[in-house]
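Structural description and commentary
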Amino acid sequence: MTSSPRAPRSTGAPRRLHLNAFLMTGGHHEAAWRLPGADPRAGTDVDHFIDLARTAERGTFDAIFFADSPVLGAEVGRRPSGGLEPLTLLSAIAVATERIGLIATASTSYNSPYNLARRFASLDHISHGRVGWNIVTTATLDAARNFGLEELPAHEDRYRRAEEFLDVVRSLWSGWEADAVLADQEAAVWGDAAKVHATNHVGTYYRVAGPLNVQRSPQVHPVLVQAGSSEAGRDLAARTAEAVFTAHQRLEDAVAFAADVRRRAVAHGRDPEGVKILPGLVPVIGATEAEAWEKERELNDLVHPRYALTQLTRTLRLPEGSLGLEDRLPEDLPTEDQIEGAKSRYTLIVDLARREDLTVRELIGRLAGGRGHRTLAGTPEQIADALQSWFEAGAADGFNIMPAVLPSGLTEFVDQVVPILRERGLFRTEYEATTLRGHYGLGLPTEPERTAAPSAAPPAPGFGRPLAEAGTR
Ligand SMILES: Cc1cc2nc3c(=O)[nH]c(=O)nc-3n(C[C@H](O)[C@H](O)[C@H](O)COP(=O)(O)O)c2cc1C
């Protein structure tokens, strides 16, 4: 299948795929760390991640991406767990790479807007404008317990907090006008205070005075990415996100999701082209189809079924020990409405099992590669065909490529699949931009309307003293 990409859009430029490398220490497959030759300790090895980033940059990927949750999780006995905090890790990668985008996950439930705005603005400077933020609300009780909470905050509440969090950080990032720094050594004037604006936010969850103590960064805002496909997640994406990470097993579901997010974006007065939809794909590449299948089988055979069963039981909110490997899922599982954790992934897993009438053992096998993301074992041509068909059907603007095994799976993709995509005119042959916004074809955020000079703005109630006095270190 080598038809040319969908007709050029109004910009006149051919529509091209966007590719992110979603990196997990040894790969996305649950058992990748057990393969002969794998390094089970690579999770704290900065050089491992720098090598991966350079491979992705050689393949002219738009970005690398790290997931994150502020919790160790319950799997430490079972697979490599814990690791480096993404913004810190990306600071090191930023100075070892030149063009590739750098996307870090950070939670709106367990960060403060001022601190996080400051870190992202700093990394945007350090990387010369290559940063993106994967906005998540964090769906686990174990994480809540690390922040003084005994219960997982309600789903609705987490998303409301996320909306307000975003209003605050966007205001902080936009607080410095483009010409606020004069750096006039002659006149002894460093900056124009009238062009550095306070935030003065007083809301339900946050009170933040501002301004931010980091100068306007190259992209002004990092590229805003959203990952969580529940109703509330889609709304957040439609209002805010410039890229959406999502998981789908079937083309028709992905097409419907993309159409829905674009429709919601239009309802928020946005250009739907300004929201890049990027489903995940776990490729397992072989010289022949049989070789690829054999690789996948070898990986699946290394999965420890007892551990995987415990994990699935937790995900489905069932009592420990209540599921057998040869069982089908029980009929009376909770509906998505009753789930306060990760709603959309829960539904995806239950739907997959029911639709294909899978036993628990089979379901575990299907989730082993990418936790619900689509896994595809095939030749480089078959992988390229799969990407192209979803792209042309309107299901995706690009993909999160999630190699089952790292580093080998990324190297194979870059050396074997990327050349096919380039040949078909579907993917760039070299970087045309220097920032992540540029790679995604996104403009700078619109400047906020300025209503008053900063000196005239009232201090936020509850902060005690006027902003002008608050500058001590
Ligand atoms: C590609 C991808 C990556 C994600 N990475 C994270 C992550 O790093 N941390 C996190 O807490 N949630 C992450 N999520 C989002 C969770 O799946 C999300 O919190 C969950 O789906 C709940 O959102 P929902 O209830 O809106 O479905 C990711 C989702 C996708 C599709």
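Just above, that's the structure.
A short tour of the structure in this document, coming up. Model, not experiment: these values are computed from the prediction.

So, on to helix H1 (residues 46-58). Think of an α-helix as 3.6 residues a turn; residues three or four steps apart then line up on the same face. With 13 residues, H1 ought to run about 18 Å at 1.5 Å a step, and its terminal C-alpha atoms sit 18 Å apart, in line with that. Every buried residue of H1 is listed here: His48, Phe49, Ile50, Leu52, Ala53, Thr55, Ala56 and Glu57. Lining the buried residues of H1 we find strand S1 (18-22), strand S2 (63-66), helix H2 (86-94) and helix H13 (408-423). The backbone nitrogen of aspartate 47 lies 3.0 Å from a side-chain oxygen of the residue at the head of H1, namely aspartate 45. Looking one or two residues past H1, threonine 60 carries a phi angle of roughly 50°, positive in sign.

A few words now on the site of the ligand. Every one of the 23 residues lining the ligand counts as a neighbour, but Asp68, His155, Tyr159, Ser230 and Ser344 are closest to it. With respect to the ligand, the backbone of aspartate 68 contributes an N or O atom lying 2.6 Å from an oxygen atom. Of all the secondary-structure elements, those providing two or more residues to the shell around the ligand are strand S4 (131-136), helix H5 (155-173), strand S10 (243-246) and helix H10 (343-355). Here the shell around the ligand gets 3 residues from one element, more than from any other, and that element is H10. Considering only residue class, the shell around the ligand consists of 8 nonpolar, 12 polar and 3 charged.

A few words now on the environment of valine 208. Mapped onto the elements, valine 208 comes out in strand S8 (residues 207-208). Overall, the relative accessible area of 8% leaves valine 208 in the buried class. Residues valine 208 and valine 169, 39 residues apart in the sequence, show an inter-C-alpha distance of 9.6 Å.

If you walk through the whole model with that rule in mind, you get 30 salt bridges. When the shortest N-O distance is used, the salt bridge between glutamate 30 and arginine 78 registers 2.4 Å. Linking glutamate 30 in the loop between S1 and H1 with arginine 78 in the loop between S2 and H2, this pair joins segments that are 48 residues apart in sequence. Accessibility classification places glutamate 30 together with arginine 78 in one group, the buried group. When salt bridges that share partners are traced, they join Glu231, Arg234, Asp235, Asp260, Arg263 and Arg264 into one network.

The omega angle of the peptide bond from glycine 210 to proline 211 is -5°, so this bond is cis rather than trans. Mapped onto the secondary structure, proline 211 falls in the loop between S8 and strand S9 (223-227). Cis peptide bonds are those with omega within 30 degrees of zero, and the linkage from leucine 406 to proline 407 qualifies with 5°. As for its placement among the helices and strands, proline 407 is situated in the loop between strand S13 (398-401) and H13. Although it is not a glycine, alanine 188 sits at a positive phi angle of roughly 60°. Topologically, alanine 188 is positioned in the loop between strand S5 (181-184) and strand S6 (189-191). The residue arginine 317 is not glycine, and still its phi comes out positive at about 60°.

Cut-offs and rules
Residues numbered from 1 in each chain as written. Predicted model: local features only at pLDDT ≥ 70, side-chain atom pairs only at ≥ 80, totals over all residues. Heavy atoms only, no water. Helix = DSSP H or I, 4+ residues; strand = E, 2+ residues; numbered from the N terminus. Expected span 1.5 Å × (residues − 1). Buried < 20%, exposed > 50% of the residue type's maximum accessible area, 1.4 Å probe, protein only. Contact = heavy atoms within 4.5 Å. Polar contact = N/O pair within 3.5 Å; in protein donor to acceptor, adjacent residues only side chain to side chain. Near = heavy atom within 4 Å. Nonpolar A, V, L, I, M, F, W, Y, C, P; charged D, E, K, R; others polar. Salt bridge = Lys/Arg side-chain N within 4 Å of Asp/Glu carboxyl O.

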